[in-house]
Every structure is written in C-alpha cells, then in structure tokens.
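Observations on the model geometry
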Amino acid sequence: MLKSMTGYGRREQIVNGKKIMAEIKSVNHRYADYNIKIPRHMGFLEDNIRKFVSERAVRGKIDIYVSVENYSESDKNLYLNEELAADYIKTLETLRDKFGLKDDISVMSVARYTDIFKVEQKQEDSEEVWQSVKAVLAPAVDDFLAMRSREGERIENDLRQRIEYMRSLALKVDERSPQTVEEYKSKLYTKIKEVLDDRSIDEARVLTEVAIFADKVAVNEETVRLASHFDEFERILTSGEPAGRQLDFLIQEINRETNTIGSKASDVEIAKIVVELKGEIEKLREQVQNIE
C-alpha cells in the first residue's frame, strides 16, 4: 500500500515523573528532511529521535517537536559555598565587635547573600530519559504513519482508476491507427482518379505511398511500451515499498511515449486522445508528488 507524505501525530503522557509531549507532522519534499525541536538541555536526544523516525518514514519534510517537563521532585541540586559563607559571617562579626552593634547575626541574615548558594541541574541518565521519551514518541509516530497510510490508500485508488482509463485510451489509439492508413489509401485513390481522369492508376506507386505513410504514422511500438509501463505502474503500487521516485520516473516514460504518438498523429481522433492522455499524465504527476 502506498503512503502519503502528508501526516500528523501527537501524544502527551506522564512517564517516570515527566510530562512528555511528542508531535510529528510532514509535508511533501523531494528527499528526507528532519527538523527536530527539543529542550536545549536534552540535545542528547536528537540522534535517537532522528534514527527512530527515519527508520519508519523515509521521505518528506518532517517536523518533530518534543517537550519534557519534570513533574517529580526538583531536578536541581542546591549547594552551599561554605568558605564564602564563613567569610560573610566572620566579616559580620568583625562589624559587630568594632562598632558595638546588636548581635543579631542569624541564618536568615546570612542567607540574604545569595552568592553563597549554587544551583546545579541534576545529571540525568540519558538512556532512561530516551526510553521515557520513546514511550510517548512511538504512539505519536504510529498515529502519524496511520494518517499517511489512509491518505496513501486514497491516492492509490485514484491512481489505479486513472491508469485503467489511460489503458482504454491507448487501446483506442491502437485500434484507430490502422484505420487512418486505410482512410489515407482511400483518399489517395480518390485524388489520383480526379487528376488522371480515365487513365490507368499505377497500383505499385500507390501502394508504395501508402506503405510510406503507414510507416510514418505507425504507433504500435509506442502503444506496446505504454501497456508495459502501465503494467509496471500497477506492479509498483502493490510492491509495498516506497514508490514515489519510481512512479515519478515511470510517468516521465509514459509522457515520452505519449509525446511520440502525438508527433506521429495525422488524425484528429488520435490527436484528441493524445490531449486527453496528456491531461491524465499531469494528474498522475500531481498525485505522485504526494507519495513517499
């Protein structure tokens, strides 16, 4: 089944005391482009996130946002600079003794000097954090891929219908082409009779002219290749592999054969069919741009 390059998934959950939110969305892109936004102090998660997503989504402009809030005990450690605190106390005692001040040195009075305290972020186990994030990211990616699959199924159904319609158009060209030769032969005889009046017609010369015309307008090779391309198109649709680039190339080949038929066409009916084929090719091309 085909997968679209358009998708969205979001999950939020508290895991191991952390409120984790994971959001992933994507749009069309020629290649794989991963844009990951995570808290700055958790930059170590980026490689794991990229690898996890890239193993399941191989093409598209993919934006991934992960936020982590600590819902457990404080994630910071508080340290006392004992030497600096001792210096403050000693200086306050000197000030008290020298000027005969009231002895009201207390914990709170010393605590006003905030530079005696140092706050540091607790070191977290990177693997433990990653497992917590993955527990939320994984179902978000599942939702994201499910949407891609649903969109892909709709595109696949549309592509199949168009290919079948194009098969019928190519068949009409195949059926019409020999008729144009017969019509040319008939018109040629009519014109020669008008010119020569009652004189005899050189049958060999007429047949030679008809043969040259038939060779010039013959499109059998092109219609056979078109049929082969249509078969390959359907095979790729059922392969279960990322198919966007393959189908894009195949559409170019279908377009090439159609252009060749158009350049050979000297018949109004075939020309109309070629125009219709070209319109369907453009619709195929637009749809395939959405495929992974």
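Residues numbered from 1 in each chain as written. Predicted model: local features only at pLDDT ≥ 70, side-chain atom pairs only at ≥ 80, totals over all residues. Heavy atoms only, no water.

Opposite charge on two side chains lets them pair, provided their charged atoms get close. According to the stated counting rule, one finds 23 salt bridges in the structure shown. Between Arg-148 and Glu-292 there is a salt bridge, with the nearest N and O atoms lying 2.7 Å from each other. Here Arg-148 is found in helix α4 (residues 126-196), whereas its partner Glu-292 is found in the segment after α8 (268-288), with 144 residues between them in sequence. Residue classification places Arg-148 among the buried positions, given a relative accessible area of 0%. Asp-231 is paired through a salt bridge with Arg-167; the nearest N and O atoms lie 2.4 Å apart. One end of the pair, Asp-231, is in helix α6 (residues 220-237); the other, Arg-167, is in helix α4, and 64 residues separate them in sequence. One salt-bridge network, in which partners are shared between bridges, spans Arg-10, Glu-12, Lys-19 and Glu-23. (Salt bridge = Lys/Arg side-chain N within 4 Å of Asp/Glu carboxyl O. Helix = DSSP H or I, 4+ residues; strand = E, 2+ residues; numbered from the N terminus. Buried < 20%, exposed > 50% of the residue type's maximum accessible area, 1.4 Å probe, protein only.)

Moving on, we get to helix α2 (residues 82-99). Between the first and last C-alpha of α2 there are 26 Å, a value that for 18 residues agrees with the 26 Å anticipated at 1.5 Å per step. Regarding α2, the residues found buried are Ala-85, Leu-92 and Arg-96. Mapping the buried residues of α2 onto a view down its axis gives an arc of 40°, with all of them on the same face. Away from the buried face of α2 by more than 90 degrees, exposed residues Glu-83, Lys-90, Thr-91, Asp-97 and Lys-98 are located. Positioned one or two residues after α2, Gly-100 has a phi angle of 60°, which is positive. (Expected span 1.5 Å × (residues − 1). Arc of directions from axis to C-beta.)

Inspection of every chain in the model, using the stated rule, returns two aromatic pairs. Ring centres of Phe-52 and Trp-130 lie 6.2 Å apart, and the angle between their planes is 75°; on these two criteria the pair is classed as edge-to-face. Of this pair, Phe-52 sits in helix α1 (residues 46-54) while Trp-130 sits in helix α4; the two residues are 78 residues apart in sequence, bridging distant segments of the chain. Seen in terms of ring centroids, Tyr-88 and Tyr-113 are 4.2 Å apart; in terms of plane orientation they differ by 20°. Their pairing is stacked. (Phe/Tyr/Trp six-rings, centres within 6.5 Å; stacked < 30°, edge-to-face > 60°.)

Within a sheet, neighbouring strands are paired by backbone hydrogen bonds and run either parallel or antiparallel to one another. In spatial order, the strands read β1-β2-β4-β3; together these four strands make up an open sheet with mixed pairing. Both outer strands of the open sheet, β1 (7-15) and β3 (32-37), are each paired with one neighbouring strand and no more. Averaged over all pairs of adjacent strands, the angle between strand axes in this sheet comes to 10°, irrespective of strand direction. (Pairing = 2+ DSSP bridges. Axes fitted to C-alpha atoms, helices over the stretch in contact; angles between N-to-C directions.)

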